[in-house]
Amino acid sequence: MHARGSGIHEQVLRKQLLMPTPLPQLVQETLERRFLVHRLYEASDREAALEQARDVRVIVTGAPILVEGMNVPITAQMMDCLPKLELIANLGVGYDNIEADAAAARGIIVTHTPDVLTQETADTAFGLLLNAVRQLPRAERFLREGRWLQGQFELSASLRGRTMGILGLGRIGAAIARRAEAFGVQVAYHNRKPVADAPYRYFNNLIDMARACDILMIAVPGGAQTRHLVNASVLEALGPQGVLINIARGSIVDEQALIEALQTGKILTVGLDVFVDEPRVPQALIDMEHVVLLPHVGSASQATRDAMSMVVVENIFAWDMGIDIPCPVPETPWRRSSKQAN
Ligand code: 8YV
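Cut-offs and rules
Residues numbered from 1 in each chain as written. Predicted model: local features only at pLDDT ≥ 70, side-chain atom pairs only at ≥ 80, totals over all residues. Heavy atoms only, no water. Helix = DSSP H or I, 4+ residues; strand = E, 2+ residues; numbered from the N terminus. Rg over C-alpha atoms; globule rule 2.2 N^0.38 Å. Areas by Shrake-Rupley, 256 points an atom, 1.4 Å probe, with all protein chains shown as cover. Lys, Arg positive; Asp, Glu negative; His and termini not counted. Charge placed at Lys NZ, Arg CZ, Asp CG, Glu CD. Salt bridge = Lys/Arg side-chain N within 4 Å of Asp/Glu carboxyl O. Buried < 20%, exposed > 50% of the residue type's maximum accessible area, 1.4 Å probe, protein only. Pairing = 2+ DSSP bridges.

Enquirer: Residues and numbers for the overall build of the chain, please.
Expert: Within the chain, the regular secondary structure consists of 13 helices and 13 strands. Over its C-alpha atoms the chain spans a radius of gyration of 22 Å, differing by no more than 12% from the 20 Å that the globule rule assigns to 342 residues. With respect to the three principal axes, the spread of C-alpha positions in the chain is 70 × 50 × 30 Å. In the form shown here, the chain has an accessible surface area of approximately 16,100 Å², with 52% of it arising from carbon and sulfur atoms. In the chain, 33 positive and 38 negative side-chain charges are present, and the distance between their average locations comes to 4 Å.

Enquirer: How would you sum up the pattern of salt bridges? Please name residues and give values.
Expert: Here the structure, examined in full by the defined rule, presents 17 salt bridges. With a shortest N-O distance of 3.1 Å, Glu86 and Arg57 are connected by a salt bridge. With Glu86 in the loop between α4 (76–81) and β5 (87–91) and Arg57 in the loop between α3 (46–52) and β4 (58–62), this residue pair connects regions lying 29 residues apart in the sequence. Each member of the pair Glu86 and Arg57 is classed as buried. We note a salt bridge from Arg162 to Asp214, for which the minimum N-O separation is 3.8 Å. Of this pair, Arg162 sits in the loop between α7 (136–144) and β7 (163–167) while Asp214 sits in the loop between α9 (206–212) and β10 (215–218), and the two are 52 residues apart along the sequence. The same class applies to Arg162 as to Asp214, namely buried. It is possible to trace a salt-bridge network through shared partners that takes in Lys15, Arg34 and Asp320.

Enquirer: Which residues make up the sheet that holds strand β8 (residues 186–190), and what values go with them?
Expert: Taken in spatial order, the 7 strands of this open sheet run β9-β8-β7-β10-β11-β12-β13, and their pairing is parallel. Among the strands making up the open sheet, the edge pair consists of β9 (201–203) and β13 (292–293). Taken together, the 4 bridges between β7 and β10 define a ladder with parallel strand orientation. Its bridge partner being in β10, Gly165 is matched across the sheet by Leu216.

Structure follows, in structure tokens:
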């Protein structure tokens, strides 16, 4: 494995850090100035590379990673290979790529990058919604293919008079709700518990909410607890004018049930930024002209990715300096490492 500056003195003097997947240049360059960086993705033999990285105290990773074959889950087993591990810093607000409960049990702090991507991701969600309802990508293809010369593009569905049910009124869900209000779209939501002071109708049951709405907006975290929450029954309840938008994680939707619901007209259309097996997208979805599909670009503007990169670095530097870590995840709410020995 390639550990830059990996001479014996470097190994003794510099704290070591493991990078299982490629991350933005800004993260790489900033961390390299301070740490000895082990790049797991450059290793041909991962087992041997992990053995060589036994002294790492930090893992820096991203969720989910956008290049095929580069999705490396941070498991309890990996943590057990790294006895000095104190911190797992994630690029991204979602951290379903990390076994956070296992980290908590081992006293390892997990951090993420909330807030800085909220507005960007909410913008993407709304872009997907408008594109799916008004069929704008198809209209654009129609123009580019010269078909306008033969006649008008067909009339689309409308956002007017619709009600949006938000699954997960967290930071991003609330930012989407505010956009919906500005667009004159009614908002309801489903969480495990009502959100204090939220001015929207609360449903404690997802199917009931789907029945009462014709847009279902998914903004809940991924992971075992939310896997396949949106199943055939929820889609059926959403109904034939129903529009599903997912900017969260592919795992939340039963993708096969979704394909079937689209093929049989049980719902109208979808806008998806995330998929079960990224970057592989089911051919059945690609073959459908009226669905809108994006390659997980929710937060992917230069400015937002730079801001996320800086939060990753701040989390790691705070740990290194022994000052309060800004963004630990709820499972590991500690601001300082109890293991730190420097
Ligand atoms: C990124 C994301 O695609 O923040 C998240 O949870 O899914 C996205 O912002 C991802 O984190 C890149 O690693």
